[in-house]
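Summary of structural features
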Amino acid sequence: GTEKPRLVDDEEGGVLFLTSSSSSGYGYASIEKQRQRLPVYKYRTAILYLVESHATTIVVGETGSGKTTQIPQYLKEAGWAEGGRVIACTQPRRLAVQAVASRVAEEMGVKLGEEVGYTIRFEDATNPGTTVIKFLTDGVLLREMMGDPLLTKYSVVMVDEAHERSISTDIVLGLLKKIQRRRSDLRLIISSATIEAKSMSDFFQPSSRRHRGSESVEPGLKMEPAILSVEGRGFNVQIHYLEEPVSDYVRAAVSTVLLIHDKEPFGDILVFLTGEEDIEAAVKQLTDDIQDRKISSGLIVLPLYSGLPRAEQDLIFSPTSRGKRKVVISTNIAETSLTLEGVVYLIDSGFSKQQFYNPITDIENLVVAPISQASARQRAGRAGRVRPGKCYRLYTEEYFLKEMSAQGIPEIQRSNLVSCIIQLKALGIDNILGFDWPASPSPESMIRALEILYSLEVLDDDAKLISPVGFHVAEIPLEPMISKMILSSNQLGCSEEILTISAVLSVQSIWVTGRGVRKEFDEAKMRFAAAEGDHVTFLNVYKGFLESGKSSNWCYKNYINYHAMKKVVEIREQLQRIAQRLGIDLKSCEGNLQAVRKAVTAGFFANACRLEPYSHNGMYKTLRASQEVYIHPSSVLFRVNPKWVLYQSIVSTDRRYMRNVISIEPSWLTEVAPHFYQKQGL
Ligand code: ADP
Ligand code: MG
């Protein structure tokens, strides 16, 4: 049951404080007790038995049942980490990797980065001598295969969150299946929050063709996958729909939070929005509304999205004190990757940010799109962790039934495949079409990607990687276009500048947009703005940051995100090490910006656009497919509208906007990518 906090007047001390008639909160149990209470605990022996006797074990269990944090520990306790072997657990998301690793380290009472460590791109918190449980993104595992194709140091690889069907998860699954044929001592655990286990199980089913080479199978080891379903202990969640659709889901979410806070007993609120922008907008509206009503509300409002500083992440997981109510406003990261204890009320906008790629137009879009019914159910389930909960869907029941698709589409079927294909090529998988995919990508996307890789001069006429450029591009842990830009900067004598630009392009945004007045922000940005475009502007910001002594105060004054800049410095150091290893001379072009722009063109020529003649509203068309695009208002070239530009990525809202834009000369296009542009008649 829930106890309303009582207000007690302590007359002697003359202070007011809040108390509660019960103290049996989840925050009080010992860690060992908490572990034993998790649903997976009852299956500990069964899981260990299945892993021992089966090459592949599929574990299905609802979010929060303890799959991620417990199974790696069970494996270690059972000896799978002895003799220098390591247990790996992959996650699709970086933020989840860090959060889960730190939780497991805490449960085991060890320092993070020793027995329990994690690796994400540009951040390695492991100790090769001592780490026995390692959390990593599936992208990082893929990179590890380039150095160690059979993943020899791992005894068990747990591929977690398989239901998300992220592109790297799918590739990793396909590759692990190949590895298993050569290493029967390797055990796989596929864990998933939904019962879609059947298709996974079919995928791992041995067929005669697939097991041609498995002469070294351990006696008694079963190659058919085992499926184990962990029964949850979720409470009932009451679903509420809107009667009429709303147009502004941020506003609707904020009103619903306040309504719950007014009318409902204590219990935390989790809100699903789509990304940093709408989350920060909701945080601001909520904070303003609370101030307007001049009540000391007891509401603690916390955002949750990737790119959030560590200290803020930790607040999300700390138990809510009595008399307070936590409101976490999150991206879909809290849908299944992270569990927040104490959530009783759930507000679902019905949207998430999703990547869509159209091979015909060659445009990859990050768009706010409706979630699937399966996701909506997952989200609702988050409210039934500690007691019966309530879920408020900011859409109508009819919309849920008629408009939302039953399941999401695997990412591999809605992504640009350039990165994916180059990695497979580097791993020696030459027959990409014949690769055993859990879900096949479309042939159009594959052809498109091959064409771009061919134009980047990393693949030859037989679609084999060209040595050494192709292998170098694959080795740099960045998207191939950025890697190619780095390699090209070597001949152009501007590697110092291009490394800085690459580092900035690898963080989300170096600007702080949420704070203060738009005009002040624009003025601050103009201090760094370069006529050539955003990339050159980044060089000015980086220089200013270094000259300020990497000062956070300087960042604050200039509307620059201090954490992002620190990350840029770190990433740049790592890229510099990689560049040196690849034999790139570190050289500055000393202000010869043409060299910098040419290097950017050598990487991003496929994203070239031309301003429409007589366009009064800044409309551009992509050279490749004549798609309408506009310069994003956050770009320094917004309203400047040079005739020829390149962009890094597209975001779609009311229009398709180009992000990170630089002006170029059209003659460079045919110079750097003759095959690609010969048909254009430039
Ligand atoms: P699953 O992978 O099945 O979704 P997890 O292993 O992630 O479940 O979580 C199991 C439990 O561990 C959660 O219900 C939560 O109580 C606790 N937990 C997980 N991560 C954290 C954390 N960072 N801080 C506090 N508790 C956590
Ligand atoms: Mg999990």
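These lines cover the structure that appears in this document, whether it is placed above or below. (Residues numbered from 1 in each chain as written. Chains lettered and ligands numbered in written order. Predicted model: local features only at pLDDT ≥ 70, side-chain atom pairs only at ≥ 80, totals over all residues.)

Looking now at the packing of helix 17 (residues 480-492) against helix 18 (residues 495-505). Two elements in contact, helix 17 and helix 18, have axes whose closest approach is 8 Å; the angle formed by their N-to-C orientations is 170°. Judged by the inter-axis angle, helix 17 sits roughly antiparallel to helix 18. Residues Ile 482, Met 485, Ile 486, Ser 489 and Asn 490 of helix 17 form the contact with helix 18, whose own contacting residues are Ser 495, Ile 498, Leu 499, Ser 502 and Leu 505. Each residue belonging to the contact of helix 17 with helix 18 can be placed in one class, and the counts come to 6 nonpolar, 4 polar and no charged. (Axes fitted to C-alpha atoms, helices over the stretch in contact; angles between N-to-C directions. Helix = DSSP H or I, 4+ residues; strand = E, 2+ residues; numbered from the N terminus. Parallel < 35°, antiparallel > 145°, perpendicular 65-115°, else oblique. Contact = placed C-beta atoms within 7 Å. Nonpolar A, V, L, I, M, F, W, Y, C, P; charged D, E, K, R; others polar.)

Moving on, we come to the site of ligand 1. If you check the shell around ligand 1, you find 15 residues, and the closest are Lys 67, Thr 68, Thr 69, Arg 103 and Phe 317. Elements supplying a minimum of two residues to the shell around ligand 1: helix 3 (67-77) and helix 4 (94-108). It is helix 3 that contributes the most residues to the shell around ligand 1, 4 residues altogether. Residue classes in the shell around ligand 1 are distributed as 3 nonpolar, 9 polar and 3 charged. (Near = placed C-beta within 6 Å.)

This paragraph deals with the sheet that holds strand 3 (residues 56-61). On the basis of which strands lie adjacent, the open sheet formed by 8 strands has the order 6-5-7-4-8-9-3-10 and mixed pairing. Taken across any chain shown, the strands that pair with only one partner, and hence form the sheet edges, are strand 6 (123-125) and strand 10 (226-230). In this sheet, adjacent strand axes meet at a mean angle of 20° when their direction is disregarded. Strand direction decides the pairing type here: strand 8 (residues 154-159) and strand 9 (residues 187-192), joined by 4 bridges, are parallel. The residue of strand 9 that forms the bridge with Val 159 is Ile 190. Its contacts with the sheet place helix 5 (residues 138-147) against strand 4 (86-91), strand 5 (116-120), strand 7 (133-137) and strand 8, and it is angled at close to 100° to strand 7. Running over the sheet, helix 6 (residues 167-182) touches strand 4, strand 8 and strand 9 and is turned about 145° from strand 8. (Pairing = 2+ DSSP bridges.)

Here we take up the nonpolar core. Residues Ile 87, Ala 253, Val 271, Ile 347 and Val 645 are the most contacted members of the largest nonpolar core, which totals 177 residues. The biggest single contributor to this core is helix 4, with 8 residues. Setting aside chain neighbours within four positions, we find Ile 347 in contact with Ala 253, Thr 256, Val 257, Ile 269, Val 271, Phe 272, Tyr 392 and Leu 394. (Core = buried A, V, L, I, M, F, W, Y, C linked by C-beta atoms within 7 Å. Buried ≥ 20, exposed ≤ 12 C-beta atoms within 10 Å, placed from the backbone.)

Let us look at unusual backbone geometry. Backbone torsion omega between Ser 467 and Pro 468 reads -5°, so that peptide bond is classified as cis. Here Pro 468 lies in the loop between helix 15 (443-455) and helix 16 (469-475). In this model, Arg 165 sits at a positive phi of 55°, which is unusual for a non-glycine residue. Checked against the element boundaries, Arg 165 lands in the loop between strand 8 and helix 6. The class for Arg 165 is buried, based on 22 C-beta atoms found within 10 Å. The phi torsion at Lys 550 lies on the positive side, around 55°, for a residue other than glycine. In this fold, Lys 550 is placed in the loop between helix 20 (534-547) and helix 21 (552-557).

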